Protein chains: 2
Amino acid sequence: MLLTTKESKAQLNFSDLDQLTFPAEKHLKKLNEFIQSQVDNFEAEIQEVVSYCLKSGGKRLRALLLFYSGWTDETYVAEELVKAATVIEFIHLATLVHDDILDNADLRHNRSTVSERYGSAVAVLIGDAIFSQSLKLASEFPTVDVCAAVSQSTRRVCSGEIAQNFLKGNSNISIDDYYRIINQKTAELFRVSAYLGAHLSNYDKAFINAVEKFGEHLGIAYQIYDDTTDIFGSEDKVGKTLGTDLAEGKITLPLILLGKKLNSLEKTNFNMNIFGNNSISIENIIPKLKELNIHTDVQHYFNKELKLANTALADFENLPPVKHLLNLSNYLNGQMKEILN
Amino acid sequence: MLLTTKESKAQLNFSDLDQLTFPAEKHLKKLNEFIQSQVDNFEAEIQEVVSYCLKSGGKRLRALLLFYSGWTDETYVAEELVKAATVIEFIHLATLVHDDILDNADLRHNRSTVSERYGSAVAVLIGDAIFSQSLKLASEFPTVDVCAAVSQSTRRVCSGEIAQNFLKGNSNISIDDYYRIINQKTAELFRVSAYLGAHLSNYDKAFINAVEKFGEHLGIAYQIYDDTTDIFGSEDKVGKTLGTDLAEGKITLPLILLGKKLNSLEKTNFNMNIFGNNSISIENIIPKLKELNIHTDVQHYFNKELKLANTALADFENLPPVKHLLNLSNYLNGQMKEILN
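Computed from a predicted model, the values in this text were never measured in an experiment. Note on numbering: residues in each chain are counted from 1, in written sequence order. Chains carry letters and ligands carry numbers; both start at the beginning, A for chains and 1 for ligands, and go up in the order they are written. Side-chain atom pairs in this predicted model are given and counted only at pLDDT of 80 or more, local residue features only at pLDDT of at least 70, and totals for whole chains, interfaces and linings cover all residues. Side-chain metrics in this entry use all non-hydrogen atoms of the structure; hydrogen atoms and water are not considered.

K.L.:
Which residues make up the overall build of chain A, and what are the values?
P.N.:
For chain A, the helix and strand inventory stands at 16 helices and two strands. Partly exposed describes any residue whose relative accessible area lies between the buried limit of under 20% and the exposed limit of over 50%, with all areas from a 1.4 Å probe on protein chains only and scaled to the type maximum. Buried positions account for 62% of the 341 residues belonging to chain A. Two residues form a contact once any of their heavy atoms are found within 4.5 Å. A fraction of 81% describes how many contacts in chain A between residues 6 or more apart in sequence connect residues 24 or more apart. Methods summary: accessible areas were calculated by the Shrake-Rupley approach with a probe of 1.4 Å, and residue burial reflects only the protein chains presented. By element, 48% of the accessible surface of chain A is carried by carbon and sulfur atoms, the whole surface being about 13,500 Å². Under the scheme used here, helices are H or I runs from DSSP no shorter than 4 residues and strands are E runs no shorter than 2 residues, and both carry numbers assigned from the N terminus.

K.L.:
Explain the pattern of salt bridges to me, using residue names and the numbers behind them.
P.N.:
All names here are of chain B. The salt bridge definition used is simple: a Lys or Arg side-chain nitrogen within 4 Å of an Asp or Glu carboxyl oxygen. Counted under the stated rule, the structure contains 24 salt bridges over all chains. For the salt bridge of Arg-156 with Glu-188, the shortest nitrogen-to-oxygen distance reads 3.2 Å. You can see Arg-156 sitting in helix 7 (residues 145-166) and its partner Glu-188 sitting in helix 8 (residues 175-200), a full 32 residues away along the chain. Note on Arg-156: relative accessible area 23%, which makes it partly exposed. Salt-bridge contacts for Glu-291 lead to Lys-288; the nearest nitrogen and oxygen are separated by 3.5 Å. With Glu-291 and Lys-288 both in helix 14 (residues 282-291) and three residues apart, the pair spans about one turn of that helix. The exposure class of Glu-291 is exposed, given its relative accessible area of 56%.

K.L.:
Account for the packing of helix 4 (residues 79-102) of chain A against helix 7 (residues 145-166) of chain A, naming residues and giving values.
P.N.:
Residue and element names in this part refer to chain A. As a packed pair, helix 4 and helix 7 sit with axes 11 Å apart at the nearest point and diverge in direction by 25 degrees. Viewed along their axes, helix 4 and helix 7 adopt a mutual orientation that is roughly parallel. Like other packed secondary-structure pairs, helix 4 and helix 7 cross with a definite hand, here right-handed. Here helix 4 contributes Val-87, Ile-91, Thr-95 and Asp-99 to the contact with helix 7, which in turn contributes Val-150, Thr-154, Val-157 and Glu-161. Angles here are taken between N-to-C directions and fall from 0 to 180 degrees, while the axes themselves are lines fitted to C-alpha atoms, restricted in helices to the stretch in contact. Note on terminology: angles under 35 degrees are roughly parallel, angles over 145 are roughly antiparallel, angles of 65 to 115 are roughly perpendicular, and the others are oblique. Crossing chirality is assigned from the near helix's rotation relative to the far helix, an anticlockwise turn below a right angle marking it left-handed and a clockwise turn marking it right-handed.

K.L.:
I'd like a rundown of the packing of aromatic side chains, residues and numbers included.
P.N.:
All names here are of chain A. A pair of aromatic rings is counted whenever rings of Phe, Tyr or Trp (Trp by its six-membered ring) have centres within 6.5 Å, and the orientation is called stacked for planes under 30 degrees apart, edge-to-face for over 60 and tilted otherwise. The tally for this structure, following the rule as stated, stands at 18 aromatic pairs over all chains. Aromatic side chains Tyr-178 and Tyr-179 sit 5.9 Å apart centroid to centroid with 80 degrees between the ring planes, which places their arrangement in the edge-to-face category. Take Tyr-178: its relative accessible area is 2%, and that puts it in the buried class.

This is the structure:
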C-alpha cells in the first residue's frame, strides 16, 4: 500500500518555542489537560477511538492565536479561553479526521490516521462525534455567541473544502479561486479563533475587528506557507513525502503561478501531465519552478498577507495581545524564509 | 455495479395521511418552505449540492413528533417550532448522507445518493456543512438550550452508529447491546425532538419529561419496525431490495431472536454463514424465521415499547399534544401489523 504521509505538513511546533517570545506555557498546559479530560464526556463505547484521536496533538496554532487575541497577562489563564480553544481544536481535529479519509492518508504526525486504523466508516462517524462535542462545549457558554460563530465558521470551512474538491485536477483555477478557497477552508477558522479570544476577554469592538482581520490574513499566509512546504520543503527537514497536493490534483499557489508563466506549448504539457497524474513527481517540476523564479512570486503573495495581518493591529500596539500576535506572524515569516532559502 | 437501495426503509409517508387524524398540513408546509429557504444560507459554491440533498424530502417523522409535542392548536404554527424542526431534520439528513457513504448505498428514496452522484469526498463534507448549518440555526434561539440539546444528542447518535459498526458481523450481540445501540442511534433524536417541541411551547417540566419518554420509546419501536421491514417486508409494498442489513452484517432484533432459538449446530451454521456473507440472501433464512415464530417475538418487543411510550403520557391526556402523539404511535402500530401479517 502506498503510504501517504501528512507529516510534511507538521513542521511548525510551538511547544518547542522559546517561552520568552511565546509565553503560553500555562495556557497550553491547561488546554492539553482540558482536552484530555474530554474523553470521559464521550459515550463509553467510543472513548478508545476518541482517546486515540486526541493523542495526535497537533501544533495548537489556532489555540495560540485565540489565547493571544484574548491575552491579558501571562499569570492568568481564563477558563473560558481554554474551553473556547478546545472548541476550535476539536473542530480542527474533526476536519483532519475527515480530510484523512478523503486524501487516503495513512499517517499523520507519524501515527496511523483514524481511517487507516479503524476504517473509514468509524473515521466519518468519530469526526462527527468530535464535531458534536465541540458544539456541546460551545453551548456551555452563557450566551449563544460561541455556538453561532463556530457553527457558521465550520460551514464555511466545509464549503471551501468542497470547492477545492470540485476543482481538483483543474489547472485553469485562478488566483482569485485559490484565495476564495483558502479563505474559507483555512483562514476562516483562524479568524474565528482570534474573534473568540478577543470577544471572551471583553476587548472592544474595534479591537475585535482588528484581530479578526489579523487572524484572517495570518490564516491565508499560513495556507500559502503550508502549500509551499509541500513543494519547496526539504525532505531532510520536513519528513518524507513531498508533493502530496500535486499527486492528489490539488492546485496550490506555486502551481498556479507556474501556470501563469509557462508558454503555451509548455502550458499544454503542464495541463496534460501534471494534475492528478501520479507518475509525474514533484522532482519533475521543481527545475521549472526554479528557472521561472516561482519562489520569489510566492514569497511576494505571502509577504502581502503578513503585512495586511500586521497592519490591522497598528492602532492597538499598547494592548497586551498585540506584541504576542506580532511575534506569531514573525515566527511564521521566519519559517517561510527557511523553506524558500 | 450492485445497486443498494435504501428505498425499503421509506415506507411510512406522513404527507399522504388523513389530515383529520394528523392535522399538521400547515406545519409541514411551513417546514418545507423554511427548509428550502435555507439553501441561500450556504456558500454559493455548494448550493447546488445542498439543494440536491434537501430535495430528498423524507418522512418528516421527527419533525411531526416535535410539532405534536409542542402542539397548542392547529391554526397557529409557531416559528420557533418550524426552526427547531429544521434543526432536527438537518441533523437527520446529515446522518443519512454520511450513512449512505458507509453503506455504499446508491439510491435513497429512488434518487441517487449524494455519494453516488458527487463522490464520497463531497458527501462527507456536505454532511458536515449541513450539520454545521443545523447548529447555526440552533444558535439563533435566544438561549443555548437548543444548541446544547442538539449537539449532545448528535454525539450520542454517532456513538450508537460507531458501536453498531464495531459489532458488524458479530453474531454474539445480545438484546441489551442492540437496545443500547438503537437507543443512541435512533431513539435519541426522537427523544430530543419531543423535548424541543414541548420545551419551546413552554409546557411544564413534568410534561416535558413525559414526552421525552414517549419519544424515546417511540424511537425504539420505530427502529424495531424499520429492522423488521428489512426482513419481513413484502417487496411489492416496500420497494426492491430487502435484507440489506443482513448483507452488511448489521445485526438486528429478528436475527438476534433467531440466534437465541437455534440449536447449537444450527447456530454454528448461522454464525458462519449469515453475517457479512453476501451469498446468503434473506430468502434463505425466512423459512427458519417463520418456523421458529420469530415474528411473534419481534411483535412482543415492539408492543412493549409502544406501550411504554403511551403509558408515559397517561397523566396528561387533557393536554393538546397527547391525542396527536397517541395517533402517531397508533399509526406506527398499524404499519407494523401490515408488515408482520
